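# Structure at a glance
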2 protein chains.
Amino acid sequence: MKPVALFRSPLPEKFGIPRQAGVVPQLKGEIRLIGEFAQPQALRGLEGFDYLWLIWEFSLNGDGDGSLTVRPPRLGGNERVGVFASRSPFRPNRLGLSSVRIEKINTQECSITVSGADLADGTPIYDIKPYVEYTDSHPGARCGFVDSNLWEPLEVAIPDCIAEYFDPSEIQALRSLLAQDPRPAYQDDPERIYGLAFGGRQVHFKVSGQKLTVTSCEI
Amino acid sequence: MKPVALFRSPLPEKFGIPRQAGVVPQLKGEIRLIGEFAQPQALRGLEGFDYLWLIWEFSLNGDGDGSLTVRPPRLGGNERVGVFASRSPFRPNRLGLSSVRIEKINTQECSITVSGADLADGTPIYDIKPYVEYTDSHPGARCGFVDSNLWEPLEVAIPDCIAEYFDPSEIQALRSLLAQDPRPAYQDDPERIYGLAFGGRQVHFKVSGQKLTVTSCEI
C-alpha cells in the first residue's frame, strides 16, 4: 500500500476533527495527489460527480490495544460495541472511509478542494473513488445505535475581538466545528479550558451546559 | 495490512461478478471473520444496521500497467477516464469498496450473511464498517458518466431441464446475474458461447441482441 494523496486541512490534530464526514459542511480541505499519481489525467471525468470517497489511514492513532470492542461517543463513552459495528478510529488496519463533497477540481495542480471532510492535515489517502448514487446511497437504512442517539449542536459564542482574527469562511467553519462539541464524551467540567488548533491558530474555549464560549485565541 | 475476513460467494471467478454492489440483490454471500478477528464480540451491536461497508482487495487482478486512466464499460469500453473518477478494479492499491445488505449475523460462527455483494469467492476483506445514513447516503448526488449511461438488463431464458439443477433461490440469483450481461463491453458475437462458474457448476450461454439464452450446464 502506497499513499496516492495527502490531505490538507486547517485541523492539524485529532482534537476537533468532525466525528464523521459531512458533520461540518463548512470545513474546506484539499486532496493533493502525490508522487507518480500527481498527473492531471488521473482526475479526468471527475467534474461530473458531486461526491468522492476517500479511503485513508487513521495516521494520528497508535495501534491501539488490539481490542475488538470500542466505546462509541454516541453511547456516552461507556457501552462497548464490536469494532465492526462502529466507525471508531481504533480498528484493525486503521482504515478510514469518508464521503466528501467536491468543491473544485484543480487539474493542473493535481488537487481537489473538498468540504465536509473528517481528515486531519497530512493524512495519507490510499484511494479516491467517485460516489455513485445507485450503489452507495441507501436512504432510510437502519443505523443501529446511531439512530437513537442523535447529536445536539452546542450554542457557540465567539467574541467579536476574537472573530476578527479569522476571515468569514473560516469563522463559519470554526463555529460549526465547535458546535459539534469536540470534548470527549465523558467530560463535563464547565471550568476546564480546551484548546483547538485551527488554521495555524490556537482557539481556547469552555463549555457550560449547551453553551460553548471562546475565551481567547493565539496565533 | 492484514485481512480481517474472507468472502464466500457462489462466484469463484472474475467473469460474472456484478459490476457494482447492489446490482444483483438476490446474490447471497458470507463474510467470515478470520484469525484473531474471529471473535463474536467484534460484531456486537451490528444487528441494528441494515447495511455494511466492506473494504477489500481486488485479489483476482494483477497489478495492471500502472496507467492512471481506465476505460469504463459504462462508456462502451473505448473512452478513457481518470482512475480516481472510476470504480474500475484496475487501480492503485487494488482497494475495493462495497455496501452490502446484512441478511443474518451468525454470532457464534463469526460470520455475516449478506446480499448484493460484488466480491468473488475467497476475496480478502480489510475492514468492515456499519453503513451510517447521515454520513454515507447522498440521494440525488450527480454521478458523472454513470448518470447518462444507465444499464439495460438482458432478457434471460433458462430451459427447465437446466433450471432443475439449481434450487429456487440460486436460480433467482443466476437469472439476475445473467441479466446484467457479464460479457466484456466491446464483445457482441451472437454465436460465441460463454461459461459462467456459479455455485460449483459451469453455466454456458450466448447472447443475441437483448436476449441471453442458457445453452448447457456442467456440474
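Everything below is about the structure printed above this text.
For the structure given in this document, a descriptive report is provided here. Given the structure is predicted, the values throughout are model-derived calculations rather than measurements.

### Describing the overall build of chain A
Of the regular secondary structure elements, chain A holds four helices and 12 strands. By the compact-globule yardstick of 17 Å for 219 residues, chain A fits well, its C-alpha radius of gyration being 18 Å. Taking all 219 residues of chain A together, 54% fall into the buried category. Summed over all atoms, the accessible surface of chain A reaches about 9500 Å², with 48% contributed by carbon and sulfur. Mean positive and mean negative side-chain charge positions of chain A (23 and 28 charges, respectively) differ by 3 Å.

### Quick notes on the state of the cysteines
Cysteine pairs can be linked by a disulfide, which is a covalent bond between their two sulfur atoms. For the coordinates displayed, the defined rule picks out zero disulfides over all chains. Its sulfur unpaired, C143 of chain B is 19 Å from the next cysteine sulfur, which belongs to C143 of chain A. Looking at C143 of chain B, the relative accessible area reads 2%, which means it is buried.

### A few points about the pairing of strand 2 (residues 28–33) of chain A
Along any regular strand the residues' side chains alternate between the sheet's two faces. Residues and elements named next belong to chain A. Only one face of strand 2 is buried, namely the one carrying G29, I31 and L33, since none of K28, E30 and R32 on the opposite face is buried. When strand 1 (residues 5–8) meets strand 2, the two strands line up antiparallel, connected through four bridges. The partner of L6 across the bridge, within strand 2, is R32. Bridge count for strand 2 against strand 7 (residues 111–115) is five bridges, and the pairing is antiparallel. Note that in strand 7 the partner of R32 across the bridge is S111.

### A few points about the interface of chain A and chain B
Listed by partner, the interface residues are 64 residues for chain A and 64 residues for chain B. Buried surface at the junction of chain A and chain B, summed over both partners, amounts to about 5900 Å²; 58% is from carbon and sulfur atoms. Our count for the contact surface shared by chain A and chain B stands at six salt bridges. Residue R142 of chain B is joined to D50 of chain A by a salt bridge in which the shortest nitrogen-to-oxygen separation is 2.8 Å. At the level of elements, strand 3 (51–57), strand 5 (81–82), strand 6 (95–106), strand 8 (124–130), helix 1 (133–136) and helix 2 (144–147) of chain A are the ones that each hand at least two residues to the side of chain A that touches chain B. A total of five residues in the side of chain A that touches chain B trace back to one element, the largest contributor, which is strand 8 of chain A. Grouping the constituent residues of the side of chain A that touches chain B by class yields 34 nonpolar, 16 polar and 14 charged.

### So, the sheet that holds strand 1 of chain A
Spatial ordering of the closed barrel is given by 1-2-7-6-3-8 (chain A), a layout of six strands whose pairing is antiparallel. Averaged over neighbouring strand pairs, the angle between their axes works out to 45° when direction is ignored.

### Some points on the pattern of salt bridges
Scanning the model with the defined rule gives 22 salt bridges over all chains in all. The residue D121 of chain A makes a salt bridge to R8 of chain A at a minimum N-O spacing of 3.3 Å. Of the two residues, D121 of chain A is situated in the loop between strand 7 and strand 8 and R8 of chain A in strand 1; the sequence distance between them amounts to 113 residues. The class of R8 of chain A is partly exposed, set by a relative accessible area of 32%. Measuring nitrogen to oxygen at the nearest pair gives 2.6 Å for the salt bridge that ties R32 of chain B to E30 of chain B. The partly exposed category is assigned to R32 of chain B, whose relative accessible area is 40%. Ionic contacts of the salt-bridge type, sharing partners, join the residues R91 of chain A together with D127 and K129 of chain B into one network.

### Comments concerning the packing of aromatic side chains
Under the definition given, this model contains 17 aromatic pairs over all chains. Relative to F145 of chain B, the ring of F49 of chain A has its centre 5.7 Å away and its plane inclined at 85°; by these criteria the two rings are edge-to-face. Of this pair, F49 of chain A sits in the loop between strand 2 and strand 3 while F145 of chain B sits in helix 2 (residues 144–147), which puts the two residues in different chains. Accessibility expressed as a relative area gives 13% for F145 of chain B, which makes it buried.

### A closer look at the side chain of N61 of chain B
Within the secondary structure layout, N61 of chain B lies in the loop between strand 3 (51–57) and strand 4 (69–70). Excluding residues within four positions of it along the chain, N61 of chain B makes contact with K14, P89, F90 and R94 of chain B.

### Concerning the environment of D181 of chain B
Residue and element names in this part refer to chain B. Mapped onto the secondary structure, D181 falls in the loop between helix 4 (168–179) and strand 10 (194–198). Relative accessible area serves as the criterion here: at 16%, D181 is assigned to the buried category. When the C-alpha positions of D181 and F145 are compared, they lie 19 Å apart, and in sequence the two are 36 residues distant. Ignoring anything within four residues of it in the chain, the contact list for D181 reads R19 and L154.

How each quantity is defined
- Residues numbered from 1 in each chain as written.
- Chains lettered and ligands numbered in written order.
- Predicted model: local features only at pLDDT ≥ 70, side-chain atom pairs only at ≥ 80, totals over all residues.
- Heavy atoms only, no water.
- Helix = DSSP H or I, 4+ residues; strand = E, 2+ residues; numbered from the N terminus.
- Rg over C-alpha atoms; globule rule 2.2 N^0.38 Å.
- Buried < 20%, exposed > 50% of the residue type's maximum accessible area, 1.4 Å probe, protein only.
- Areas by Shrake-Rupley, 256 points an atom, 1.4 Å probe, with all protein chains shown as cover.
- Lys, Arg positive; Asp, Glu negative; His and termini not counted.
- Charge placed at Lys NZ, Arg CZ, Asp CG, Glu CD.
- Disulfide = S-S within 2.5 Å.
- Pairing = 2+ DSSP bridges.
- Contact = heavy atoms within 4.5 Å.
- Buried area = accessible area lost by both parts, 1.4 Å probe.
- Salt bridge = Lys/Arg side-chain N within 4 Å of Asp/Glu carboxyl O.
- Nonpolar A, V, L, I, M, F, W, Y, C, P; charged D, E, K, R; others polar.
- Axes fitted to C-alpha atoms, helices over the stretch in contact; angles between N-to-C directions.
- Phe/Tyr/Trp six-rings, centres within 6.5 Å; stacked < 30°, edge-to-face > 60°.

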